[in-house]
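Report on the structure
Letter by letter, the chains look like this.
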Amino acid sequence: MKKILYASLVRSMMYAMVCTKPNIAYVVRVVSRFMRNPDKEHWSMIKWILRYLKGTSNMCLLFSSGKLLLEGYTNLDMSANVDTSRSTSGYVMTYAGGVVSWQSRLLKVMALSTTEAKYTAAVEAGKEIIWMKEFIGELGI
């Protein structure tokens, strides 16, 4: 039953992440790796995330009425995964000050240098912002 409750909580956090809380994407990805065999450390991480969600329940995504500007930000954690030595990259796209797209994932290949890893992360973010720009253009904005 503990595994079922753990998996159910992780799925609920994924829903919150997709709908309203993109800032928990990384930690939800980490705890989701242990859905088959969670231990006490993983349960304490789940409790920490739940406390964070409860403490920030009055916060929300906000779109400003100012400039309709599409912006993208990317970052990389070189060799973050100790099991596979792969890097974690991520990006956030904002439009009019509100987050509209985000991603946090392990790179598909193991980079041999920080330059290669940063280039790979920047390419992924670049593809997304180009797609977003074209999509916004098709909407006539």
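Heads up: these notes are all about the structure in this document. (Residues numbered from 1 in each chain as written. Predicted model: local features only at pLDDT ≥ 70, side-chain atom pairs only at ≥ 80, totals over all residues. Heavy atoms only, no water.)

Brief notes about the sheet that holds strand β1 (residues 70-77)
- Taken together, three strands build an open sheet; the order of strands is β1-β2-β3 and the sheet is antiparallel. Taken across any chain shown, the strands that pair with only one partner, and hence form the sheet edges, are β1 and β3 (98-106). Geometrically, the sheet is characterised by an average inter-axis angle of 10° between neighbouring strands, direction not taken into account.
- Judged from the eight bridges that link them, β1 and strand β2 (residues 88-95) form a sheet pairing that is antiparallel. (Pairing = 2+ DSSP bridges. Helix = DSSP H or I, 4+ residues; strand = E, 2+ residues; numbered from the N terminus. Axes fitted to C-alpha atoms, helices over the stretch in contact; angles between N-to-C directions.)

Some thoughts on the side chain of E128
- When you line up the elements, E128 lands in helix α4 (residues 114-138).
- For the buried E128, no salt bridge is present, and the opposite-charge side chain at shortest range is K127, 8.9 Å distant.
- Among all residues touching E128, those that are not within four sequence positions of it are Y91, M93 and S101. (Buried < 20%, exposed > 50% of the residue type's maximum accessible area, 1.4 Å probe, protein only. Lys, Arg positive; Asp, Glu negative; His and termini not counted. Salt bridge = Lys/Arg side-chain N within 4 Å of Asp/Glu carboxyl O. Contact = heavy atoms within 4.5 Å.)

Topic: the pairing of β3
- Strand direction decides the pairing type here: β2 and β3, joined by eight bridges, are antiparallel. Residue pairing in the sheet places Y91 in a bridge with Q103 of β3.
- Where β2 folds back onto β3 in an antiparallel hairpin, the turn is made up of two residues, including A96, whose phi is positive at roughly 55°.

A short note on the nonpolar core
- Grouped together as the largest cluster of nonpolar side chains are 12 residues: Y6, V10, M13, M17, I24, A25, V28, V31, W43, I46, I49 and L53.
- Sorting the residues of this core by element identifies α1 (2-19), α2 (25-32) and α3 (40-55) as the ones contributing at least two each.
- Look past the residues within four positions of V28 in its chain and what remains in contact with it is V10, M13, M14 and M17.
- Membership of the second largest hydrophobic core comes to five residues, among which are L76, A111, A117 and A121. (Core = buried A, V, L, I, M, F, W, Y, C linked by side-chain atoms within 4.5 Å.)

Here we look at α3
- Over its 16 residues, α3 runs 22 Å from end to end, which matches the ideal 22 Å to within 8%, given 1.5 Å per residue.
- Burial in α3 covers these residues: H42, W43, I46, I49 and L53. Projected onto a plane normal to the axis of α3, the buried residues spread over an arc of 120° and lie on a single side. Pointing more than 90 degrees away from the buried face of α3 are the exposed residues K40, E41, R51, K54 and G55.
- One side-chain oxygen at the N-terminal end of α3 lies 3.2 Å from the backbone nitrogen of E41; it belongs to D39. (Expected span 1.5 Å × (residues − 1). Arc of directions from axis to C-beta. Polar contact = N/O pair within 3.5 Å; in protein donor to acceptor, adjacent residues only side chain to side chain.)

Here we look at a nonpolar patch on the surface
- A surface patch of nonpolar side chains, about 560 Å² in accessible area, is lined by L68, W131, F135, L139 and I141.
- Note on placement: W131 falls in helix α4. (Patch = residues over 30% accessible without salt bridge, like charges linked within 9 Å, V, L, I, M, F, W, Y side chains within 5 Å. Areas by Shrake-Rupley, 256 points an atom, 1.4 Å probe, with all protein chains shown as cover.)

Overview of the packing of α2 against α3
- With their axes 10 Å apart at the nearest point, α2 and α3 run at an angle of 155° to one another. One element, α2, and the other, α3, form an angle in the roughly antiparallel class. Our pair here, α2 against α3, has a crossing hand that is left-handed. Each of V27, V30 and V31 in α2 lies in contact with α3, whose residues at this interface are M45, I46, W48 and I49.
- Partitioning the contact of α2 with α3 into residue classes produces seven nonpolar, no polar and no charged. (Parallel < 35°, antiparallel > 145°, perpendicular 65-115°, else oblique. Left-handed = near helix turned anticlockwise from the far one by under 90°. Nonpolar A, V, L, I, M, F, W, Y, C, P; charged D, E, K, R; others polar.)

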